[in-house]
Amino acid sequence: MSRYDETFSDWSKESHLSSYLNKGLKKPQKVEPLFMKALQFAQIFYQKSQGSFDISISSNNSSGLKNLRLDLVNHLFHFTQDAPTSLTFNGFVKGMAIGELSQMLLKMGIDHFLIDGGGGNLAVTNRELLTNTYAELSWLRLTPRKVYFISNSAPTQPQGKDYQHIKAPQNLAKKLEKSYQIICSSTYAEQSLWPYFSS
């Protein structure tokens, strides 16, 4: 899982993300597959939420991911105009990693697990595992042969007072004052989609 840190860390100057940001987001850049997968997911979530979910950071009123262009064949990305000043993945790729770890455990024959990625990101298959540490989830009824991905998303992040990962639907300029808990369940037969669901 160290490759997630090497790819997406926004504090390490050696990460792939830092390298891409330093080169500028308007110039097409070749990226490695994991980064491209995260950009794909982010673009899908941005479109499906009508811009409410956004990994871009800008000091002005940028267009978010609206102008993001992906070349999936050549692994290239760039922004055609109104490029953001930065991108941040944070808990979003933490969710991807949790989904991948869940896949690995199931392939090893382990189907009784709880993965705590920190920051409110969980994957769990059995209610008994939630009983003590996660009492606030005691209401959750888990179905056998399913994994449950749980994300507690805060509307604001420490990068700056104007940055929000989650924006108000229909009014992207509005600041949200509360956090959201999102729960997604998936069957074992859908395990190829777990990194998508968990992110």
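Residues numbered from 1 in each chain as written. Predicted model: local features only at pLDDT ≥ 70, side-chain atom pairs only at ≥ 80, totals over all residues. Heavy atoms only, no water.

Undergrad: Is there a simple way to think about the packing of helix α3 (residues 33-48) against helix α4 (residues 90-107) in this case?
TA: Packed helices, taken two at a time, are described by the angle their axes make and the gap between the axes. At a minimum axis distance of 11 Å, the contact between α3 and α4 shows a crossing angle of 115°. On the basis of the axis angle, α3 is roughly perpendicular to α4. Crossing hand, α3 versus α4: right-handed. Taking contact as the criterion, the partners of Leu34, Lys37, Ala38, Phe41, Ala42 and Phe45 in α3 are, on α4, Phe92, Val93 and Met96. Across the contact of α3 with α4, the residue classes tally to eight nonpolar, no polar and one charged. (Axes fitted to C-alpha atoms, helices over the stretch in contact; angles between N-to-C directions. Helix = DSSP H or I, 4+ residues; strand = E, 2+ residues; numbered from the N terminus. Parallel < 35°, antiparallel > 145°, perpendicular 65-115°, else oblique. Left-handed = near helix turned anticlockwise from the far one by under 90°. Contact = heavy atoms within 4.5 Å. Nonpolar A, V, L, I, M, F, W, Y, C, P; charged D, E, K, R; others polar.)

Undergrad: Looking at this model, I keep getting lost on the packing of aromatic side chains. Mind explaining?
TA: The geometry of two aromatic rings is summed up by the distance between their centres and the angle between their planes. Taken as a whole and assessed by the stated rule, the structure comprises 17 aromatic pairs. Members of the aromatic cluster, joined through ring pairs, are Tyr4, Phe8, Tyr20, Phe35, Phe41, Phe45, Phe53, Phe77, Phe89, Phe92, Tyr196 and Phe197. (Phe/Tyr/Trp six-rings, centres within 6.5 Å; stacked < 30°, edge-to-face > 60°.)

Undergrad: Before we go on, may I ask you to explain the nonpolar core in this structure?
TA: Buried together is how nonpolar side chains tend to be arranged in soluble globular proteins. Among the nonpolar cores identified, the biggest contains 27 residues, and Phe35, Phe77, Leu87, Phe89 and Phe92 are the most heavily contacted of them. Sorting elements by how many residues they give to this core places α3 first, with nine residues. Ignoring any residue separated from it by four or fewer positions in sequence, one finds Phe35 in contact with Thr7, Phe8, Leu17, Tyr20, Phe77 and Phe89. Leu106, Phe113, Phe149 and Tyr188 belong to the second-largest nonpolar core, a separate cluster that totals ten residues. (Core = buried A, V, L, I, M, F, W, Y, C linked by side-chain atoms within 4.5 Å. Buried < 20%, exposed > 50% of the residue type's maximum accessible area, 1.4 Å probe, protein only.)

Undergrad: Teacher, can you tell me more about the environment of Arg69 here?
TA: Take Arg69: it is sitting in strand β3 (residues 68-71). What makes Arg69 partly exposed here is its relative accessible area of 37%. In this structure, the C-alpha to C-alpha distance between Arg69 and Lys26, residues 43 residues apart in sequence, is 9.9 Å. Once residues lying within four places of it in the same chain are set aside, the contact partners of Arg69 are Leu76, Phe77, His78 and Thr80. Among the polar contacts made by the side chain of Arg69, one reaches the main-chain carbonyl oxygen of Lys66 at a distance of 3.2 Å. (Polar contact = N/O pair within 3.5 Å; in protein donor to acceptor, adjacent residues only side chain to side chain.)

Undergrad: Would you mind showing me how to read the confidence of the model for the protein chain here?
TA: Averaged over every residue, the pLDDT of the protein chain is 84; residues scoring 70 or more account for 84%. This model gives residues 157-161 a pLDDT under 50, and the stretch forms eight contacts once residues within four places in sequence are excluded. (pLDDT = per-residue confidence, 0-100.)

Undergrad: In this structure, what is going on with unusual backbone geometry? I would like to understand it.
TA: A negative phi holds for most residues other than glycine; trans holds for most peptide bonds. Located in the positive-phi region is His75, a residue other than glycine, with phi close to 60°. Relative to the helices and strands, His75 is located in the loop between β3 and β4 (76-79). Despite not being glycine, Asp82 has its phi angle at roughly 45°, a positive value. A relative accessible area of 39% places Asp82 in the partly exposed class.

Undergrad: Hey, could you run me through the pattern of salt bridges in this one?
TA: Side chains carrying opposite charge are able to pair once their charged atoms draw close together. Throughout the structure, instances matching the rule amount to one salt bridge. For the salt bridge of Arg3 with Glu100, the shortest nitrogen-to-oxygen distance reads 2.4 Å. Placement of Arg3 in helix α1 (residues 2-8) and of Glu100 in helix α4 is noted, with a sequence separation of 97 residues between them. Take Glu100: its relative accessible area is 17%, and that puts it in the buried class. (Salt bridge = Lys/Arg side-chain N within 4 Å of Asp/Glu carboxyl O.)

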